[in-house]
Amino acid sequence: MAGHHGSEHHMVLDLPTSMSIIMKNANAIGRSDSPSEKTARSSFSSVRENDDGLAQTFTRSKVSSYLPDQVFDESPTEELPQPTYGFRPPLTQPHSRLHGFIVPADSFKGWRSIPIKGKQASRSCEDLHKLHMTWSPPPEFSKAIAEEEPKAVSSPAPGQARLENLPSEVLGQIIDLLEVELPPNGLSTRNTDLMSLLLTSRSIHAATLNTLYRHITIPHSRIFRKFLATIIEYPALASIVRRLDFSHFNPSTIFSTASERAQTRNLTTETLSQCLDLTPFLQEFLVQEYIDDDINADILRKLFLGMPRIQALDFCGCSSARFRNGFREILDDPWPETLNITRLSFHKCISLSPAVFETILPRLHKLTHLDVAGTRITDQALASIPTTARITHLNLAKCRDLSSEATVKFLTTHPAVNQSLVYLSVSTDATGHLLLGKDDVDQLLPVLPTTLRSLSLKGSRMDSSHVPLLAKLSQTLEELAIGRGLSQTDIHQIFTQQGQWHPHNLRYLDISDMETVIGSASSLLAPATSPLHVIELEERTYERAAKNKKSLERVGWTAKEFGSRYWLVRLDADSDTGARWWKMGAESWGMRKVPVAVAEVGGMYGSFMFGRR
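Residues numbered from 1 in each chain as written. Predicted model: local features only at pLDDT ≥ 70, side-chain atom pairs only at ≥ 80, totals over all residues. Heavy atoms only, no water.

**A word on the overall build of the chain**
Okay, so step 1: Tallying secondary structure elements over the chain gives 22 helices and 20 strands in all.
Okay, so step 2: For the chain, the exposed surface amounts to about 28,900 Å²; the carbon and sulfur share of it is 53%. (Helix = DSSP H or I, 4+ residues; strand = E, 2+ residues; numbered from the N terminus. Areas by Shrake-Rupley, 256 points an atom, 1.4 Å probe, with all protein chains shown as cover.)

**Some details on the confidence of the model for the chain**
Okay, so step 1: Predicted confidence across the chain gives a mean pLDDT of 79, with 73% of residues reaching 70 or more.
Okay, so step 2: The model gives residues 62-86 a pLDDT under 50, and that stretch makes 72 contacts with residues more than four places away or in other chains.
Okay, so step 3: Counting contacts from residues 116-124, a segment whose pLDDT is below 50, to residues more than four positions away or on other chains yields 13 contacts. (pLDDT = per-residue confidence, 0-100. Contact = heavy atoms within 4.5 Å.)

**With respect to the pattern of salt bridges**
Okay, so step 1: Going through the model one piece at a time under the given rule, you end up with 18 salt bridges.
Okay, so step 2: When the shortest N-O distance is used, the salt bridge between Arg301 and Glu329 registers 3.7 Å. One end of the pair, Arg301, is in helix 12 (residues 297-306); the other, Glu329, is in helix 13 (residues 321-330), with 28 residues separating them in the sequence.
Okay, so step 3: Its relative accessible area of 44% is what places Glu329 among the partly exposed residues.
Okay, so step 4: In this structure, the salt-bridge partner of Arg580 is Glu478, at a minimum N-O distance of 2.8 Å. One end of the pair, Arg580, is in the loop between strand 20 (565-570) and helix 22 (603-611); the other, Glu478, is in the loop between helix 18 (467-473) and strand 14 (479-481), and 102 residues separate them in sequence. Each member of the pair, Arg580 as well as Glu478, is classed as buried.
Okay, so step 5: Ionic contacts of the salt-bridge type, sharing partners, join the residues Asp298, Arg301, Glu329 and Asp333 into one network. (Salt bridge = Lys/Arg side-chain N within 4 Å of Asp/Glu carboxyl O. Buried < 20%, exposed > 50% of the residue type's maximum accessible area, 1.4 Å probe, protein only.)

**Here we look at the packing of aromatic side chains**
Okay, so step 1: Enumeration according to the criterion identifies 17 aromatic pairs in this entry.
Okay, so step 2: A ring pair is formed by Phe304 and Phe327, whose centres lie 5.7 Å apart and whose planes are at 65°; its orientation type is edge-to-face. On the criterion of sequence distance, the pair formed by Phe304 in helix 12 and Phe327 in helix 13 is long-range, its members being 23 residues apart.
Okay, so step 3: Plain terms: the ring middles of Phe304 and Trp335 are 5.9 Å apart, the flat faces sit at 50° to each other, and that makes the pair tilted. (Phe/Tyr/Trp six-rings, centres within 6.5 Å; stacked < 30°, edge-to-face > 60°.)

**Considering helix 5 (residues 168-176)**
Okay, so step 1: Within helix 5 the residues assigned to the buried category are Leu171, Gly172 and Ile175. Along the long axis of helix 5, the arc covered by the buried residues comes to 100°, so they all point the same way. Structural note: helix 5 exposes Glu169 and Gln173 on the side pointing more than 90 degrees away from its buried face.
Okay, so step 2: Those residues of helix 5 that are buried lie in contact with helix 6 (192-197) and helix 7 (202-214). (Arc of directions from axis to C-beta.)

If you want it as structure tokens, here you go:
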């Protein structure tokens, strides 16, 4: 989990209220060392993509177990030994006399010995000293430099610097680059660069506040309580908020039991309702299964019927009795003909009745993203989606109440999807449910739009007659998950024609429905299959392949696993980071959950998206 026991100190830094508070806390930041791994504990909410450049790499960061008074240590540091003096060669080329630097002369006694108005040198000087990179050039160097220095340019008047005069849209985009979306690991502070910007000038202060408050991530209930207290005291800050993100929320971070959490009353239905009242410009609301007990009819009524600016809602994994009963209650309310929601996720909301989908979906005239995986959506609800919708992302995985006839008819004829789909999943668990048989796949494959980039037919019934159609789709698809019934020879023919390799666009291939043997000599691992660089395997197939990891690495591949999923990953992927506009911030391949907001992958959503079958 990115939060920690000492996060009370960090919250003021994350959510500034006034310049005086910022100044007060800026001086309180200490230099404590990071806690060791032995004192930390793992958490589900720490799931995030790793940025080491290799696909399908995920990390689980640690939660600090340090006490709050250990976070900021302002005690004097021990005196370090003085560095040696003279010429210091560069570390990378120790034998070079070029690009070195001169350290202080013999008469120099160290930064701490320099009197400054009767006081010792500042700690910033000590920091330079610790880096062993402080120097005083010889007098002849100083004289030469002084002669070459141009005349000083007059400083701009206050508030007239070039950066401050940029258009607010441009300045905002520059400042956005400094934002840290995900909660920090261990004791590392979040958005310290943005906090520094708040102290520069009025114009930059205003633009930075917009970056800090536009997207609010809540890792645990104390942070929520502090955020709520801040916007109650400063309502103007609440008007900036566009996203409330609880995908990283972990109740066990600071409370070991649900009763302890309930007693604090930091996050309750009442406080959450109050928060929604204070943020009328909210556009995205993201929650998950550890929040569902705090979502009742009043919260749902606000989100669907009382906040017309809401565009994205995500209830991933929510299935509690209170959540279910809340929807049952609001279905009797008068609903408008049209809802402004464009992106909606009920991913794995298994407790909702079909009436919920039959009530909401006909009103989504501007729908672009829909994730109803694992729900009880019906044929009637699916067909009721307005023809004015233009769905780019559709997840119908493991929807047992859908019939194959209605699904195929919708996908092949409905105006909302037949020309706009980019991501489509109709995957099922073939051991317990069959959605698409061979005839259904026959009808679907020829009419899929060329806009499609990700297609999952996992669990469907396929045979060799589908291979030419899959080969054609591989010219535009980047992700493909195939069903049951194909052999390894069939898979090989997707990449070859008459024994010759042919170009394709696939980066990711899911063959986890096949029980086969993949070794270092497999044709799928040949250089000719590039740009393919991720192959998802069934568990036993993966275990056999991973035993010969050195052999895999010799042919340019490695084994990766996360949660209940297993991959072979090409080591040299032509510097392709995996980022695509249609992934909305994700970089790994084969996401199981449709994102409804452009954001980095992490927290519980990272688990649902990449850690589960």
